[in-house]
Amino acid sequence: MSITPDSPEDSLETLSLQSRVVSAGRPERTSDAGVNVGIELNSTFLAPGPTGYGRYGNKSWSALESAMEALESGPTLVFSSGIAAISALFSILPRGAVITTSQNGYSGTMVLLRQAEASGAAEVRYVDVSNTEQVLAALPGSTLLWLESPTNPALEVADMPTLIAAAKSQNIGVAVDNTFATPLVQQPLLMGADVVVHSLTKYISGHSDVILGSISTQDQALYQRLADVRKINGAIPGPFEVWLALRGLRTLGVRMERAQKNALEIATRLSLHPAVDRVRYPGLPTDPHHEIAKSFMKGFGAVISFDHAGGAEAADRACAASQLVAHATSLGGVESLWERRHRWSTESPTIPTNLIRLSVGIEDLEDLWSDINSALLGSL
Ligand SMILES: *Cc1c(COP(=O)(O)O)cnc(C)c1O
């Protein structure tokens, strides 16, 4: 098969991302070959051979890795979850590493960072990642700039081209959690980042039925170290999960197009709603991050956060009242989900207690709006 992780399929490079989503990670076109890579259910392989054992490699992983490589422009390793991928990366930082990062970010990552600080493994400098001057001031002496943009769930946007260039000029490593944007909206490796991390659980898989993560990097030595970590620490994906993720990925282009269209319209209507104090969505022309987002992103994603005007209890009432939008955590699936983020004790204190995060799906816009509107009106 031609889908080894470090040999990009040359013919794909001329295709648009929308076509790569559909065609990358397919088996070689030989007579009667399957159109799809199957589910490789083997824990061991006959000797002598390059793989040998199921924790070291699997054809189903390679297919998804090859597809992600085509989208992020870097050889990719798939992990058992997004947080496993992030942990693998943090685990290879030198002891005492200095990490400059956003004060708001995915709550699991924030917990990992606080643990690294508490154990003395790392020093963490928290910044407002949308305040470029503040990030630039914090950078000197850092080991790693860890960027999540847009941030979960505050939806702040970092000036990635400026920050990545500044970090690289000081020999500071740059890693980007690209879960919210997806490679269709921004490709951090092509902007100069060293590493891109995904929770494939979200938009890439797209159907709320899989937990998976990935790391992509063009740095061969780093790729090898991370491959070794996966092999030895064992945070490997299951063959069925990667197959589902690849199947989900095939429709990423149309799902993102529809979800982003719905999100912009819903964000616009929410910003006029009596139950809403403040809408955070970089696609809104009135959003403080709109101009910078527009300057380098090819879309604004489909997650909206907003502060409920009636406070935390009213926010809980709204989330419990919806009929079409499911009251659940997570994001990036075809179905719309919402929740008040502070129902989780791990959510950052910088996030307002009345903030609702809404992951907009691909349902009919008017059905969604009528559900959201009545849940919000009824909660006041
Ligand atoms: C969900 C999420 C993660 C964690 O991914 P899992 O697949 O749940 O382990 C990491 N980063 C972001 C931005 C996320 O939304």
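On a predicted model such as this, the values are computed, not experimentally measured, just so you know. (Residues numbered from 1 in each chain as written. Predicted model: local features only at pLDDT ≥ 70, side-chain atom pairs only at ≥ 80, totals over all residues. Heavy atoms only, no water.)

1. With respect to the overall build of the protein chain
For step 1, the next point in the chain: Helix and strand content of the protein chain: 12 helices and 12 strands.
For step 2, the next point in the chain: Whereas a compact globule of 380 residues would reach a radius of gyration of roughly 21 Å, the protein chain reaches 21 Å, a difference of no more than 12%.
For step 3, the next point in the chain: Based on the C-alpha atoms only, the size of the protein chain along its principal axes is roughly 70 × 50 × 35 Å.
For step 4, the next point in the chain: Out of the 380 residues in the protein chain, the part that is buried amounts to 56%.
For step 5, the next point in the chain: Excluding contacts between residues fewer than 6 apart, the proportion of contacts in the protein chain whose partners are at least 24 apart in sequence is 69%.
For step 6, the next point in the chain: Entry remark: accessible area of the protein chain is about 15400 Å², with carbon and sulfur atoms responsible for 53%. (Helix = DSSP H or I, 4+ residues; strand = E, 2+ residues; numbered from the N terminus. Rg over C-alpha atoms; globule rule 2.2 N^0.38 Å. Buried < 20%, exposed > 50% of the residue type's maximum accessible area, 1.4 Å probe, protein only. Contact = heavy atoms within 4.5 Å. Areas by Shrake-Rupley, 256 points an atom, 1.4 Å probe, with all protein chains shown as cover.)

2. Here we look at the layout of surface pockets
Rolled over the atoms, a probe sized like a water molecule indicates the empty space that remains.
For step 1, the next point in the chain: Volume-wise, the second largest pocket comes out at about 420 Å³.
For step 2, the next point in the chain: Taken together, 22 residues form the lining of the second largest pocket, with Tyr106, Asn152, Ser199, Lys202 and Ser330 sitting closest to its centre.
For step 3, the next point in the chain: Considered class by class, the residues forming the lining of the second largest pocket number seven nonpolar, 10 polar and five charged.
For step 4, the next point in the chain: Looking at the lining of the second largest pocket, you find at least three residues from each of domain 1 (8-249) and domain 2 (252-379). (1 Å grid on protein atoms, 1.4 Å probe; cavity = no way out; pocket = protein on both sides within 12 Å on 5 of 7 lines; lining within 4 Å. Points joined across faces, edges and corners; volume = space filled by probe spheres on them. Nonpolar A, V, L, I, M, F, W, Y, C, P; charged D, E, K, R; others polar. Domains from an automatic or database assignment.)

3. Brief notes about the packing of aromatic side chains
For step 1, the next point in the chain: For the structure shown, the criterion picks out four aromatic pairs.
For step 2, the next point in the chain: Between Phe90 and Trp146, the aromatic rings sit 5.2 Å apart at their centres with planes inclined by 70°, giving edge-to-face as the arrangement. One end of the pair, Phe90, is in helix 3 (residues 82-91); the other, Trp146, is in strand 4 (residues 144-148), and 56 residues separate them in sequence. With respect to class, Phe90 is no different from Trp146; both count as buried.
For step 3, the next point in the chain: With 6.4 Å between their ring centres and 50° between their planes, Phe306 and Trp338 make a pair best called tilted. Remark: Trp338 occurs in strand 11 (residues 337-340) and Phe306 occurs in strand 9 (residues 303-308); sequence separation between them is 32 residues. For the pair Phe306 and Trp338, one class covers both residues: buried. (Phe/Tyr/Trp six-rings, centres within 6.5 Å; stacked < 30°, edge-to-face > 60°.)

4. Let's talk about the site of the ligand
For step 1, the next point in the chain: Residues in contact with the ligand amount to 14 residues; listed here are only the nearest, Ile83, Asp177, Ser199, Thr201 and Lys202.
For step 2, the next point in the chain: Protein chains shield 93% of the accessible area of the ligand, which is 380 Å² for the free molecule.
For step 3, the next point in the chain: The site holding the ligand turns out to be the second largest pocket.
For step 4, the next point in the chain: Among the residues forming the shell around the ligand, the class breakdown is five nonpolar, six polar and three charged. (Near = heavy atom within 4 Å. Sits in = over half its atoms within 2 Å of the grid points.)

5. Concerning the sheet that holds strand 11
For step 1, the next point in the chain: Strand order in this open sheet of five strands is 8-9-12-11-10, and the pairing throughout is mixed. Of all the strands in the sheet, the pair left with one neighbour each is strand 8 (276-280) and strand 10 (326-327).
For step 2, the next point in the chain: Here strand 10 runs beside strand 11; their pairing, made up of two bridges, is parallel. Residue pairing across strands places Ala326 opposite Leu337, the latter belonging to strand 11.
For step 3, the next point in the chain: Across the sheet, helix 9 (residues 252-270) lies against strand 8, strand 9 and strand 12 (355-359), angled at about 15° from strand 9, the strand it touches most.
For step 4, the next point in the chain: In the packing of helix 11 (residues 311-321) onto the sheet, the strands contacted are strand 9, strand 10, strand 11 and strand 12, and the crossing angle to strand 11 comes to about 155°. (Pairing = 2+ DSSP bridges. Axes fitted to C-alpha atoms, helices over the stretch in contact; angles between N-to-C directions.)

6. Details of the sheet that holds strand 7 (residues 213-217)
For step 1, the next point in the chain: Taken in spatial order, the seven strands of this open sheet run 1-7-6-5-4-2-3, and their pairing is mixed. Edge positions in the sheet fall to strand 1 (76-79) and strand 3 (122-127), since each of these pairs with one other strand and no more. Strand after strand, the sheet turns through a mean of 20° between neighbouring axes, direction not considered.
For step 2, the next point in the chain: Taken together, the four bridges between strand 1 and strand 7 define a ladder with antiparallel strand orientation. What sits directly across from Phe79, in strand 7, is Gly213.
For step 3, the next point in the chain: Here helix 7 (residues 220-233) sits on the sheet and contacts strand 1, strand 6 (195-199) and strand 7; the angle it forms with strand 1, its principal contact strand, is near 20°.

7. Brief notes about the side chain of Glu65
For step 1, the next point in the chain: Summarising the element assignment, Glu65 is placed in helix 2 (residues 59-72).
For step 2, the next point in the chain: Looking at Glu65, its side chain comes within polar contact range of the side chain of Arg230, at 2.8 Å. (Polar contact = N/O pair within 3.5 Å; in protein donor to acceptor, adjacent residues only side chain to side chain.)

8. Here we look at the domain arrangement of the protein chain
For step 1, the next point in the chain: Domain annotation for the protein chain reports domain 1 (8-249) and domain 2 (252-379).
For step 2, the next point in the chain: Here the C-alpha centre of domain 2 lies 25 Å away from the C-alpha centre of domain 1.
For step 3, the next point in the chain: With 37 residues of domain 1 in contact, the opposing surface of domain 2 contributes 34 residues.
For step 4, the next point in the chain: Both faces combined, the contact of domain 1 with domain 2 buries some 3000 Å², and carbon together with sulfur accounts for 63% of it.
For step 5, the next point in the chain: At the junction of domain 1 and domain 2, the tally comes to 11 residue pairs in polar contact (both at pLDDT 80 or more).
For step 6, the next point in the chain: Counting residues per element, the ones that place at least two in the side of domain 1 that touches domain 2 are helix 1 (17-23), helix 4 (107-118), helix 6 (160-169) and helix 8 (239-249).
For step 7, the next point in the chain: Class assignment of the residues belonging to the side of domain 1 that touches domain 2 gives a composition of 19 nonpolar, 14 polar and four charged. (Buried area = accessible area lost by both parts, 1.4 Å probe.)

9. Notes on the pairing of strand 4
For step 1, the next point in the chain: Extensive coverage of strand 4 is indicated by the burial of five of its five residues.
For step 2, the next point in the chain: With five bridges connecting them, strand 4 and strand 5 (residues 173-177) associate as parallel partners. Paired with Glu148 across the bridge in strand 5 is Asp177.
For step 3, the next point in the chain: Once you follow strand 4 into helix 6 and on to strand 5, the crossover reads as right-handed. (Right-handed = clockwise from strand over helix to strand, strands pointing away.)

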